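What follows is the residue order along each chain.
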Amino acid sequence: MIDRAEEQLRVSSSSGRGQSTTSARASASMLLVVFALCGALPRAWAEPGAGLRTWTRFARLPYPADKAFLYDTFPRGFAWAAGTAAYQVEGAWQKDGKGKSVWDTFTRGGARVLTGDVGSDSYHNVRADVRALSQLGVTHYRFSLSWARIFPDGDAAGARNARGVRYYRQLLRELRGIGVQPVVTLYHWDLPDSLQRRHGGWNSSALVELFARYADFCFRTFGDDVKLWITVDNPFVVAWHGYGTGVVAPGLRGDPDMPFRVGHNLLKAHAAAWHLYNERYRATQGGKVSIALASHWIKPSSTRLESHQACQCSLDFVLGWFARPLFVDGDYPPCMKRNLTHRLPSFTKEERAYINRTADFFALSHGPALSFQLINDSLRFGQTEDLDLRMLLYWVHAEYNNPPIFVVESGWFVSGNTKTKDAKHMYYLKRFIMETLKAIRFDKVNVIGYTAWSLLDGFEWYREYGIRRGLFYVDFNSEHLAREPKTSALFYSKLIEKNGFPELPENRPAVGVFPCDFAWGVAANSIQVETTPTQFVDPSVYVWNISDNGKLKRLESVHIPVRRMRHCADYAAIRQQVSEIQAMHVSHFQFSLNWSSVVPTGQISEANNTLLSYYHCFVSELQRANIIPVVTLWHHTGKLSSLPAPLEANGGWQSDETVQAFVDYARLCFRRLGAHVKLWITLNEPNEEGLCYAVGHQLLRAHALAWRVYDNEFRKSQGGKASLVLHMDWVEPAFSFSREDVAPANRVLDLRVGWFAEPIFGTGDYPPVMRSWLQQRNNIDLFNYHLPTFNEEDRQLVKGTYDFFAISHFTTSMVYDGVEDKYLYKDSLEVQMISDVTWIMSPRRNSPVVPWGLRKALNWVNSHYKGVPIYVMANGVQEDTARFKDSLRVYYLYNYINEALKAYVLDGVNLKGYFAYAFNDQRDPGFGMYGNVQEEVIVKDSLNHYRNIIDHNGFPAPNSPAQQCLHTPDHCPVCQVLAKQPVVGFISLVGSSVLITLGLVIYYGAKRHK
């Protein structure tokens, strides 16, 4: 079966330089017909250096929408492959007549300890390898031939090793049996050691002819079963690191010109093999030949043209070194020629013509074998290396006139200690495949195949066995080296089965609106407090010191009597803040009181009445503006204490005195502010990491006692509601191929959210999973994981102390029960934290933008506490305070609110309100929708977008009729009397009218009499 990849390769290659005129005309005719049918008639050659426009093009793409995950599938017939290299996996280094390679010698020299003598022992496990390929469902398998296994002496003119040839024929036969097409590499770094000793390896031009003879044998012997050939893998690494830095075999160093001579010979050897195939075998075998070129990616350190040119030069020195002679003009990139002058060998005119266009497709290698590991600082040209396969694909497309590109190596790695749960490898694989899909769909790059590297764990070159790159785990200490699929293999097989990432209904934006009484709010950690009234009620007299500093100077002992009483509107800070909140069109505003400022000593008898009066003014002015205040009594501020200093010094929250002081403080606030506050938050985010369980126990009691005070003493007269806010970032299983994979995420949610939620909203006690887990850890660790016990009195005290469930939610993380990165490993929970590298990253560390996490969090609450009213009390993202066109926050708010709508409309979650975080940068730097430049307040783009969502109450369908809502009248005591007791109200209204009329009659009668 010939798939799409091979068809594209066929129509894009040259018609053959040794064919007859008739054959050439027939091929040309066929070429034009196929291109006409496919709509892919080739353009004129692109201008050399066209890839320079890549960085400018991508800088102009819309952010962050362009970084969002793409749900789509690959073109029909797309080639899915896995790959290996002979020395890494074959083993049997001295068996059945195999000769030594340079790696057999290199690994036995210097300080090196481990070798690839056995590797994954693929030589004895052909059928096991083929079974692994069958499990994956790949269409192609890329493997390399061991030159020294076929010709122990290296020279094809000498004796060949029949048993080595038999091994590869068996492999090709097994592949044919499962319908997998081979992609065969002639040379993957393992040069016969005899050629290195006898000729100096690739430093000698004699290798050109020796390689051609070896290639000729392989084409003749295996060519009927092979349609895709790779002559040389990654000639940059061979030349630069094999004969320059000495990092890989043969490990030579010291001659700065040698790498360029080696590269020169490698190009000639490749061209010789291509011409040989083209002239002798293409017509009968119908295959394609190329060379695997590897590259890093590089991003400019600035937007200046010089930086872009430096990036271009960096790519030219690595990829262009070999790609330009093959795909452009048969010569080296100008940047190399300028920088290296006489050090760089030159091609004759005939050699340029001979080398140019000797690749039937662009075989691109991308991954850790080069990126971030083997690129010297000098080759970065002062710029920054980056992992961006999509941009690299586009650069190749632009620089080399849209060749068909087969990604012949791509993937990542995990540590050598990792077994089958290779989540990091899986998510990098997902990222690179998604970037390939974007290159195809968005950038129109002609990518025809993708190769995940590698099929098996093996010997990782100079990293030996320190890392693993396989889709299948190999236990190198076991007798039979059995292959076991990793999570990356399960992921890759599912992806191949679906041919990409097909869009699911839950991935599409929801259309609909929230209920009419939905609470739209904005949250702030605190408000601006300025307790001095404005100059209009200030009795002092000022003079303008115009000759000095231009400031106002107050005259001592001079006062003007003020004839009116002070009003709440006299505070300029209150006027400004309320006006800005009003402009957002929100119905609610949430902020926190400062306990340590309201009651500095902890004793309410010594409360700061000036500050309380200011808070009273603020909430009353909010209410006058038809904005409902939501007031938090205590906001957890991490390591910075927010308790009154005497209480902090006396044991903080671990002291019963602090709990009682909090209850007294809550009662004071309810009494002084409660007439204007209908939603109270006792504690904000008490379940943050860092608080010990003893403190958490006391916080639960403090909340419950405060809630009981409000319920018993104030609810009837004030009519408000109270609860607490729990921090609830979502935690997703890193993979969910079995029931056991979900357990770590459930454990984290129980210990982080259930810690406070279950005692209040559930049973009155901690979650059973939490208690059993901590008891187990307490027995085996030196750490104190003691979880306090509720007595029956406290259980009844805490249980049910809520009117709603409020969460703050910002991001999502993933967990699994392995160990890969010790810095992100949570020892107390025994979970590895990880992020999906395809997620959009925010400037805040470990805070990616994952909108669907909010929907899952809301459903978790609803499933555990069915029907409970839920408020999202804080939801926002950090962004550079200088970005007033805050496109990341615009994207964040739209998508998170849309996920909240899905939870309400599709999942039946009793969602009552949503509060965007935050109000302004002044109080919550980086999160605000209002920015500041000196004294000027700036309205960011996100505010306008949020206001638009509020005005539409969600996301109504286009051209749908406006939502019909009965508007609640403004707060009016008289109106309430009329509504509740219409008879009394009517009599009162009539009586008032009579009195007014009587008064007017008396007034005008007396006036006329006078």
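Residues numbered from 1 in each chain as written. Predicted model: local features only at pLDDT ≥ 70, side-chain atom pairs only at ≥ 80, totals over all residues. Heavy atoms only, no water.

Right, let's get into the sheet that holds strand 19 (residues 588-592). Taken together, eight strands build a closed barrel; the order of strands is 16-19-20-21-22-24-30-31 and the barrel is parallel. Neighbouring strand axes in the sheet, compared pairwise and without regard to direction, differ in orientation by 25 degrees on average. As judged from the four bridges shared by strand 30 (residues 870-875) and strand 31 (residues 911-917), these two strands associate in the parallel manner. Note that in strand 31 the partner of Asn875 across the bridge is Ala916. Strands strand 16 (519-523), strand 30 and strand 31 of the sheet are contacted by helix 30 (residues 887-905), whose axis makes an angle of about 170 degrees with strand 31. (Pairing = 2+ DSSP bridges. Helix = DSSP H or I, 4+ residues; strand = E, 2+ residues; numbered from the N terminus. Axes fitted to C-alpha atoms, helices over the stretch in contact; angles between N-to-C directions. Contact = heavy atoms within 4.5 Å.)

Quick look at the pattern of salt bridges now. Opposite charge on two side chains lets them pair, provided their charged atoms get close. Per the counting criterion, the structure on display carries 53 salt bridges. The salt bridge involving Arg304 is made with Glu306; its shortest N-O contact spans 3.6 Å. Among the ionic contacts, a cluster of salt bridges with common partners joins Arg57, Asp66, Arg390 and Asp443. (Salt bridge = Lys/Arg side-chain N within 4 Å of Asp/Glu carboxyl O.)

Looking at where His308 falls in the secondary structure, it is placed in helix 14 (residues 305-327). When its relative accessible area of 9% is taken as the criterion, His308 is described as buried. With residues near it in sequence (within four places) discarded, His308 still touches Leu52, Trp55, Thr56, Pro300, Ser302 and Thr303. (Buried < 20%, exposed > 50% of the residue type's maximum accessible area, 1.4 Å probe, protein only.)

Turning to the side chain of Asp750, a few remarks are in order. Tracing the sequence through the fold places Asp750 in helix 26 (residues 743-761). It turns out Asp750 is buried and unbridged, and the closest side chain with the opposite charge, Arg747, is 9.0 Å from it. Beyond its immediate stretch of four places on either side in the chain, Asp750 contacts Trp755, Pro767, Val769, Met770 and Trp860. (Lys, Arg positive; Asp, Glu negative; His and termini not counted.)

Given 3.6 residues per helical turn, the α-helix brings residues three or four places apart onto the same face. The end-to-end C-alpha separation of helix 30 is 27 Å, in line with the 27 Å expected for 19 residues at 1.5 Å each. Counting buried residues along helix 30, 14 of its 19 residues qualify, which places the element largely inside the surrounding structure. (Expected span 1.5 Å × (residues − 1).)

At a closest axis distance of 9 Å, the pairing of helix 24 (residues 656-673) and helix 25 (residues 693-718) adopts a crossing angle of 25 degrees. By the angle class used here, helix 24 and helix 25 are roughly parallel. Handedness of the helix 24/helix 25 crossing: right-handed. Residues Asp656, Val659, Phe662, Val663, Ala666, Arg667, Phe670 and Arg671 of helix 24 form the contact with helix 25, whose own contacting residues are Gln698, Arg701, Ala702, Leu705, Ala706, Val709, Tyr710, Glu713, Phe714 and Gln718. Within the contact of helix 24 with helix 25, the residues separate by chemical class into eleven nonpolar, two polar and five charged. (Parallel < 35°, antiparallel > 145°, perpendicular 65-115°, else oblique. Left-handed = near helix turned anticlockwise from the far one by under 90°. Nonpolar A, V, L, I, M, F, W, Y, C, P; charged D, E, K, R; others polar.)

Of all residues in the chain, 87% have pLDDT values of 70 or greater, and the mean over the chain is 90. Below pLDDT 50 for its whole length, residues 1-46 participates in 72 contacts with residues either more than four positions away or in separate chains. In this model residues 973-980 is a low-confidence stretch, pLDDT under 50, and it forms four contacts with partners more than four residues away in sequence or in other chains. (pLDDT = per-residue confidence, 0-100.)

On to the environment of Ala249, then. Inspection of the secondary structure puts Ala249 in the loop between helix 11 (235-245) and helix 12 (258-280). Residue classification places Ala249 among the buried residues on the basis of a relative accessible area of 6%. A C-alpha to C-alpha distance of 7.9 Å links Ala249 and Val238, two positions eleven residues apart in sequence. Apart from residues lying up to four places away in sequence, Ala249 is in contact with Val102, Trp103, Phe106 and Gly242.

On to the packing of aromatic side chains. For the structure shown, the criterion picks out 89 aromatic pairs. Centre to centre, the rings of Phe514 and Phe518 are 4.2 Å apart; their planes meet at 20 degrees, and the pair counts as stacked. Taken individually, Phe514 and Phe518 each receive the classification buried, so the pair is uniform in this respect. With centroids separated by 5.9 Å and ring planes inclined at 45 degrees, the aromatic side chains of Phe761 and Tyr865 adopt a geometry described as tilted. (Phe/Tyr/Trp six-rings, centres within 6.5 Å; stacked < 30°, edge-to-face > 60°.)

Between the first and last C-alpha of helix 19 (residues 487-498) there are 17 Å, a value that for twelve residues agrees with the 16 Å anticipated at 1.5 Å per step. Along helix 19, the positions that sit buried rather than exposed are Thr487, Ser488, Ala489, Phe491, Tyr492, Ser493, Leu495 and Ile496. Buried residues belonging to helix 19 abut strand 1 (79-83), helix 6 (126-136), helix 18 (423-441), strand 11 (447-453), strand 13 (472-474) and strand 14 (483-485). The positive-phi residue at the C-terminal boundary of helix 19 is Asn499, with phi of around 60 degrees.

A few words now on the nonpolar core. Of all hydrophobic cores here, the largest spans 298 residues; its most connected members are Trp202, Tyr450, Tyr492, Phe589 and Tyr946. Formed by eleven residues, the second largest nonpolar core is a distinct cluster that contains Ile230, Ala292, Val408 and Ile448. (Core = buried A, V, L, I, M, F, W, Y, C linked by side-chain atoms within 4.5 Å.)

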